[in-house]
Amino acid sequence: QVQLVESGGGLVQAGGSLRLSCAASGSIFGFNVMGWYRQAAGKQRELVATIASGAGTNYADSVKGRFTISRDNAKNTVYLQMNSLKPEDTGVYYCNLKVLGYNGWGQGTQVTVSS
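Cut-offs used in this document
Residues numbered from 1 in each chain as written. Predicted model: local features only at pLDDT ≥ 70, side-chain atom pairs only at ≥ 80, totals over all residues. Heavy atoms only, no water. Helix = DSSP H or I, 4+ residues; strand = E, 2+ residues; numbered from the N terminus. Rg over C-alpha atoms; globule rule 2.2 N^0.38 Å. Buried < 20%, exposed > 50% of the residue type's maximum accessible area, 1.4 Å probe, protein only. Contact = heavy atoms within 4.5 Å. Areas by Shrake-Rupley, 256 points an atom, 1.4 Å probe, with all protein chains shown as cover. Lys, Arg positive; Asp, Glu negative; His and termini not counted. Charge placed at Lys NZ, Arg CZ, Asp CG, Glu CD. Core = buried A, V, L, I, M, F, W, Y, C linked by side-chain atoms within 4.5 Å. Salt bridge = Lys/Arg side-chain N within 4 Å of Asp/Glu carboxyl O.

## Focus on the overall build of the protein
Here's step 1: Secondary structure summary: the protein contains 0 helices and 11 strands in total.
Here's step 2: From first element to last, N terminus to C terminus, the protein shows the α and β order β-β-β-β-β-β-β-β-β-β-β.
Here's step 3: Taken against the 2.2 N^0.38 rule, which gives 13 Å for 115 residues, the C-alpha radius of gyration of the protein at 14 Å falls within 12% of a compact globule.
Here's step 4: Dimensions of the protein along its principal axes, counting C-alpha atoms only, are 40 × 25 × 25 Å.
Here's step 5: The buried share of the protein, taken over its 115 residues, is 43%.
Here's step 6: In the protein, of all internal contacts separated by at least 6 residues, the share reaching a separation of at least 24 is 52%.
Here's step 7: Element-wise, carbon and sulfur atoms account for 49% of the exposed surface of the protein, whose accessible area totals about 6,100 Å².
Here's step 8: Averaging the coordinates of the 10 positive side-chain charges in the protein and doing the same for the 6 negative ones gives two points 2 Å apart.

So this is what it looks like as structure tokens:
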């Protein structure tokens, strides 16, 4: 019933900024956690940031101070604001939703940071 639709991504120079968006197609009830994960070429998928329904957040050490996760519950949308981008941030970024009875992923969006 709930589906995730991602938008954003693209090519940006080192030091630049980019914002990713992920919208849920249906209503989300109860406690839930939305987040962003990324996978670089030849690497395992890793957690970037999460945000709970009560707005509590968690960040990977590598992005602390540079990335900000936020959500708009009225729009069923989660955002990832990425500043001071580095080439090592390059990868496919995936939106994730965890709620009782559901654990889903978006289709992924490519982020490429050039030096």
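Read on for the rest.
## Here we look at unusual backbone geometry
Here's step 1: Positioned with a positive phi, Ala55 is a non-glycine residue whose angle comes to about 80 degrees.
Here's step 2: Among the structural elements, Ala55 can be located in the loop between β5 (46-52) and β6 (57-59).
Here's step 3: Even without a glycine there, the phi angle at Ser84 is positive, about 50 degrees.
Here's step 4: You can see Ser84 is positioned in the loop between β8 (77-82) and β9 (91-99).
Here's step 5: Relative accessible area serves as the criterion here: at 40%, Ser84 is assigned to the partly exposed category.

## A few points about the nonpolar core
Here's step 1: Within the largest apolar cluster, 28 residues are counted, with the highest numbers of intra-cluster contacts made by Trp36, Leu80, Met82 and Tyr93.
Here's step 2: Those elements that provide at least two residues to this core are β3 (18-24), β4 (32-39), β5, β7 (67-72), β8, β9 and β11 (109-114).
Here's step 3: Each residue touching Leu80, except ones within four places of it in the same chain, is listed here: Leu18, Arg19, Leu20, Trp36, Val48, Ala49, Phe67, Thr68, Ile69 and Tyr93.

## Topic: the pattern of salt bridges
Here's step 1: Here the structure, examined in full by the defined rule, presents 4 salt bridges.
Here's step 2: Put simply, Glu46 and Arg38 hold a salt bridge, and the shortest N to O gap is 2.8 Å.
Here's step 3: Glu46 gets classed as partly exposed once you look at its relative accessible area, which sits at 36%.
Here's step 4: Since its relative accessible area comes to 7%, Arg38 is described here as buried.
Here's step 5: Between Asp61 and Lys64 there is a salt bridge whose closest N-O contact spans 3.0 Å. Across the pair, Lys64 and Asp61 agree in class, each one exposed.

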